[in-house]
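# Understanding the architecture of this molecule
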Amino acid sequence: LLKSGVIEKKVNSVHKNAVALAPSFCSYGEQVARERVDALLDEATLDGTYDDLSKSGMQTNLYIVDGGWESGWGSLQHSEKRLPHFDQVLARVRADGKYLGLWSAFMRCEFPADMGLTTDNMLHLPDGKPYLHIGVTGNRFHILDSTQPEVQAVLRRRAKEFMRRYKPDFVKFDFGYEIPSLAAVAPKNMELAGERFMAQAMDVIIPALREENPDLVVLYYSLSPFFIK
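Structure report, in brief. Keep in mind the model is a prediction, meaning the values are calculated, not measured.

### Digging into the sheet that holds strand 5 (residues 133–134)
The strand order across the open sheet formed by three strands is 4-6-5, and the pairing between neighbours is antiparallel. This sheet does not close on itself; its edge strands, each paired only once, are strand 4 (108–109) and strand 5. Bridge count between strand 4 and strand 6 (residues 140–143): two bridges; the pairing is antiparallel. Bridged to cysteine 109 within strand 6 is histidine 142.

Here is the structure:
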């Protein structure tokens, strides 16, 4: 693929490689062990996990807060009710000299109105109704239709606000594996349907994130060289 010119060799800065290769700890395993995943994540779990990690002697340079920190799926804002001292937790991570990672499923949308959108801006079913994911843990969310210009504008704005607000060094970008089959769900622009939708969504969001931090490391659930950029 390199020789044919389909993809280009990726060249990172020294700082970006330091973040990407840092020994890391993600809170998700501990959230599962404590039965505090998703909207059950609370401050006691987050503080306790970091306390125990610090006491363990395990050498980590990157600490990743996994899913559940947001006020709603795709809100990109922490839950002030469950995590009232979230900023202090992040400040503690940084004070200990660690890089900060945050999880987010950018394409999820639990409350369209909170983003200034409607269900017309979500992926739709064959009958035209908006798709609603209902997960085993009670998750309920739509998926943003990023083929629509108005949705793209919202995604870019919110991604940049997220970066300015929390200043993560690392983003765990959760999304690709939960795209429903094209036989069941589709965007408004069918030229960007199927797996093209996944690439198009990243083309909207990741450049916006990196406008705020060019060295941002993004972990994505795909090893395809077509996503190398």
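### A short note on the side chain of threonine 60
Topologically, threonine 60 is positioned in the loop between helix 3 (43–56) and strand 2 (62–65). Among the residues examined, threonine 60 registers a relative accessible area of 5% and is labelled buried. Those residues in contact with threonine 60, other than ones at most four positions away along the chain, are Pro23, Ser24, Phe25, Leu53 and Lys98.

### Let's talk about the sheet that holds strand 7 (residues 170–173)
Strand pairing in a sheet relies on backbone hydrogen bonds. The paired strands run either parallel or antiparallel. Reading across the sheet, the five strands line up as 1-2-3-7-8 and stay open at both edges, with parallel pairing between neighbours. Because the sheet does not close on itself, it has two edges, and the strands there are strand 1 (24–26) and strand 8 (217–220). Within this sheet the neighbouring strands show an average axis-to-axis angle of 20°, counted without direction. Pairing geometry for strand 2 and strand 3 (residues 99–104), over four bridges, is parallel.

Conventions and cut-offs
- Residues numbered from 1 in each chain as written.
- Predicted model: local features only at pLDDT ≥ 70, side-chain atom pairs only at ≥ 80, totals over all residues.
- Heavy atoms only, no water.
- Pairing = 2+ DSSP bridges.
- Helix = DSSP H or I, 4+ residues; strand = E, 2+ residues; numbered from the N terminus.
- Buried < 20%, exposed > 50% of the residue type's maximum accessible area, 1.4 Å probe, protein only.
- Contact = heavy atoms within 4.5 Å.
- Axes fitted to C-alpha atoms, helices over the stretch in contact; angles between N-to-C directions.

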